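Coordinate analysis (summary)
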Amino acid sequence: MNKNLTQKFSKPILEKVAIVGAGPGGLATAIALQNQGIDVRVYEKAQEFRPAGTGLGLAPNGLNFLDAIAPGIVETLKSSGCEVNHTVLKNIHKETIRTSQTKYLDQYGQPLLTIWWYRLQQVLASRLPSDIIHLNHRCIGFDQDENGVKIHFDGQKSVDADLLIGADGVNSVIRETLFGEGKPNYIGSMCWRAVIKYHHELFNEYELVFVKGNKQFMYILNVGGGYTSWISRKFSPDYSLSQDADGVKSRILHELADWDESFRAVVKATPAEQIWEGPICDRPPLTHWSQGRVTLLGDAAHPMAPAMGQGANTTFEDAYELAQCFSHSATLEEALTTYEQSRIERTKIIQARSAMGEMRYYEDFTSPSQTPQRQMTLNEDFHKWVYSYKPTVAS
Ligand SMILES: Cc1cc2nc3c(=O)[nH]c(=O)nc-3n(C[C@H](O)[C@H](O)[C@H](O)COP(=O)(O)OP(=O)(O)OC[C@H]3O[C@@H](n4cnc5c(N)ncnc54)[C@H](O)[C@@H]3O)c2cc1C
């Protein structure tokens, strides 16, 4: 029985929770709810956990919340990923413009960790009993009434729960069923990315490299275990997708035609079918994330441009705070209202700043004199607000 719930209220407000999506958000939430003794099941459309996703930067706020959900997990993530000690800005001719020491650990008590989405998924999944994760379950919708919610899957039996959490990413079926907004919003930035077994001789393994071109840029990160993640982006008011994998590879190599061979080498070393090509999208903030017995979390609730690297980090904040709301509320309605009150305003601000940051990427900021002092101060205050955010345990 849920100890927290029984301590405060005689009857638990929910017993059975279904989470759609076994990404970082769905899995972290499952761990947090399971810690409270709630019977939680995760339904994932993929047929198996397979190498997928990009290299992510986990920042102090996200790591603090992850550690509160699963104590000790940050140590595991450190050994599965890479603790970054420097960020390096280069031009396309591989000249270093500046090198900055990463100050996160000193300033906020946690490092900047880079890790592959797939490894993060594995680490989180290993904290759960395998029989609660149901692969090959593509959610296609749900029905709800005052007594419960029935979740429907493609080719599988429907399941019943007291609450459904949509953690199914930017193209969330749950969000679409609740609010019917259609496709996400293309923000004018195309992306090509891959994670491959690769050692880049040019870079120190604890450096995160950012290469700035004309209206395009590239990140190269060590994500641990001998893997390198590269992410190349280009400002493109319209977007079009290549016909096939070979078309994707030759297109990105064409986009990088003027770039130093060392940057092109990592793309050349990537098998064409492993390169992901697609648009960068977000959605406008919602005023509510919940209806009745259904709520949203992570990218399903607040998809944001990757400029600030806060998508997964804020998702871990959601997971912890949602679970806290269940242990400190008398009714499901109260819990979901408190969850929205604690999360929507913060994520709305980070979404807006991420969209703005995305376009700033394409400005010319290679000379330090082009960054006005006032802007730097504003950024420092804002970064402090983002990264120093910590879990509070309500009594
Ligand atoms: C290029 C790039 C760089 C990024 N860099 C960073 C970074 O540095 N730091 C950071 O914090 N974030 C970063 N992000 C964002 C981060 O990847 C996301 O915010 C994070 O993965 C969101 O987690 P999630 O669990 O909400 O959704 P997702 O990771 O999208 O997971 C959703 C899961 O739901 C499953 N699913 C989808 N539909 C269904 C369905 N109908 N039925 C069942 N299952 C379903 C999917 O298969 C998937 O497993 C980046 C994103 C991109 C694209």
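Scroll up to find the structure.
Basis of the calculations
- Sequence order as written defines residue numbering, which begins from 1 separately in each chain.
- The predicted origin of the model limits local features to residues at a pLDDT of at least 70 and limits the giving and counting of side-chain atom pairs to 80 or more, whereas totals for whole chains, interfaces and linings rest on all residues.
- Neither water nor hydrogens contribute to the side-chain values; these are computed over all heavy atoms in the structure.
- Numbering of helices and strands starts at the N terminus; helices are DSSP runs of H or I of at least 4 residues and strands are runs of E of at least 2.
- For the radius of gyration, the atom set is restricted to C-alpha positions; the globular benchmark scales as 2.2 Å times the number of residues to the power 0.38.
- Think of it in three bands: with a 1.4 Å probe and only protein chains considered, a residue is buried below 20% of the maximum accessible area for its type, exposed above 50%, and partly exposed in between.
- Contacts are assigned to residue pairs that have any heavy atoms within 4.5 Å of one another.
- Computed by Shrake-Rupley with a 1.4 Å probe, the accessible areas treat only the displayed protein chains as cover when residues are assessed.
- Whether two strands pair depends on DSSP finding at least two bridges between them.
- With the strands pointing away from the viewer, any crossover whose connection runs clockwise from the first strand over the helix to the second is right-handed.
- In this text, buried Ala, Val, Leu, Ile, Met, Phe, Trp, Tyr and Cys residues form a nonpolar core when linked through side-chain atoms within 4.5 Å.
- If even one non-hydrogen atom of a residue comes within 4 Å of a molecule or strand, that residue is called near it.
- Contacts described as polar in this section are N or O atom pairs within 3.5 Å, which, within protein, must combine one atom able to donate a hydrogen with one able to accept it, while residues neighboring in sequence count only if both atoms come from side chains.
- Stacked, edge-to-face and tilted are the three classes for Phe, Tyr and Trp ring pairs, Trp counted by its six-membered ring, which pair at centre distances within 6.5 Å; planes under 30 degrees apart are stacked, over 60 edge-to-face, the rest tilted.
- Axis definition: a line fitted to C-alpha atoms, limited for helices to the stretch in contact. Angles are taken between N-to-C directions and run from 0 to 180 degrees.

Some thoughts on the overall build of the protein chain
For the protein chain, the count of helices and strands is twelve helices and 18 strands. Compactness check: the protein chain gives a C-alpha radius of gyration of 21 Å against a globular reference of 21 Å for 395 residues, within 12% of the reference. If one aligns the C-alpha atoms of the protein chain with their principal axes, the spans along those axes are about 65 × 45 × 35 Å. Out of the 395 residues belonging to the protein chain, those deemed buried represent 53%. Considering only intrachain contacts with a sequence separation of at least 6, the fraction spanning at least 24 residues in the protein chain is 74%. As displayed, the protein chain offers around 17,900 Å² of accessible surface, 49% of which is attributable to carbon and sulfur atoms.

Section: the pairing of strand β2 (residues 39-43)
Two elements, strand β1 (residues 16-20) and β2, share five bridges in a ladder whose sense is parallel. Bridging from a neighbouring strand, Val17 pairs with Val40 of β2. With helix α2 (residues 24-35) bridging β1 and the parallel β2, this β-α-β connection has right-handed handedness. Relative to strand β8 (residues 133-134), β2 runs parallel, the two sharing two bridges. The residue bridging Tyr43 from the neighbouring strand is His134, located in β8.

Considerations on the nonpolar core
Membership of the largest hydrophobic core comes to 69 residues, with the highest contact counts inside it found for Leu58, Leu77, Ile151 and Phe326. Broken down by element, this core gets its largest block of residues, eight residues, from helix α10 (residues 311-327). If sequence neighbours within four positions are ignored, Ile151 has contacts with Ala18, Val20, Cys139, Gly141, Phe142, Ser158, Val159, Ala161 and Leu164.

Focus: unusual backbone geometry
In the Ramachandran plot, Lys94 falls in the positive-phi region, its phi being about 70° despite a non-glycine side chain. Residue placement: Lys94 occurs in the loop between β5 (86-91) and β6 (96-101). Residue class for Lys94 comes out partly exposed when judged on its relative accessible area of 36%. Residues other than glycine seldom take positive phi values, yet Lys215 does so here, at roughly 60°.

So, the site of the ligand
The environment of the ligand is made up of 29 residues, and the closest members are Gly25, Glu44, Gly57, Asp299 and Ala312. Contacts to the ligand include Glu44, whose side-chain N or O atom sits 2.6 Å from an oxygen atom. Within the backbone of Gly309, an N or O atom sits 3.0 Å from a nitrogen atom of the ligand. Protein coverage of the free-state accessible area of the ligand, which is 1,000 Å², stands at 86%.

Some thoughts on the environment of Ser79
With respect to the element layout, Ser79 can be found in helix α4 (residues 73-80). With relative accessibility at 62%, the residue Ser79 sits in the exposed group. Between the alpha carbons of Ser79 and Gly224 there is a distance of 7.7 Å; along the sequence they are 145 residues apart.

Digging into the packing of aromatic side chains
The tally for this structure, following the rule as stated, stands at 20 aromatic pairs. Consider the rings of Tyr43 and Phe153, whose centres lie 4.9 Å apart with planes at 35°: the pair is tilted. Highlighted residues: Tyr43 in strand β2 and Phe153 in strand β10 (residues 148-153), separated in sequence by 110 residues. Accessibility classification places Tyr43 together with Phe153 in one group, the buried group. Relative to Tyr219, the ring of Phe217 has its centre 6.0 Å away and its plane inclined at 85°; by these criteria the two rings are edge-to-face. Phe217 gets classed as buried once you look at its relative accessible area, which sits at 0%.

Observations concerning the sheet that holds strand β17 (residues 276-282)
The seven strands are arranged β6-β5-β14-β15-β16-β13-β17 in an open sheet whose pairing can be described as mixed. Edge positions in the sheet fall to β6 and β17, since each has one partner strand and no second. Ignoring strand direction, the axes of neighbouring strands in this sheet form an average angle of 20°. With six bridges joining them, strand β13 (residues 185-197) and β17 adopt antiparallel strand pairing. Counterpart to Trp192 in the pairing with β17 is Glu277.

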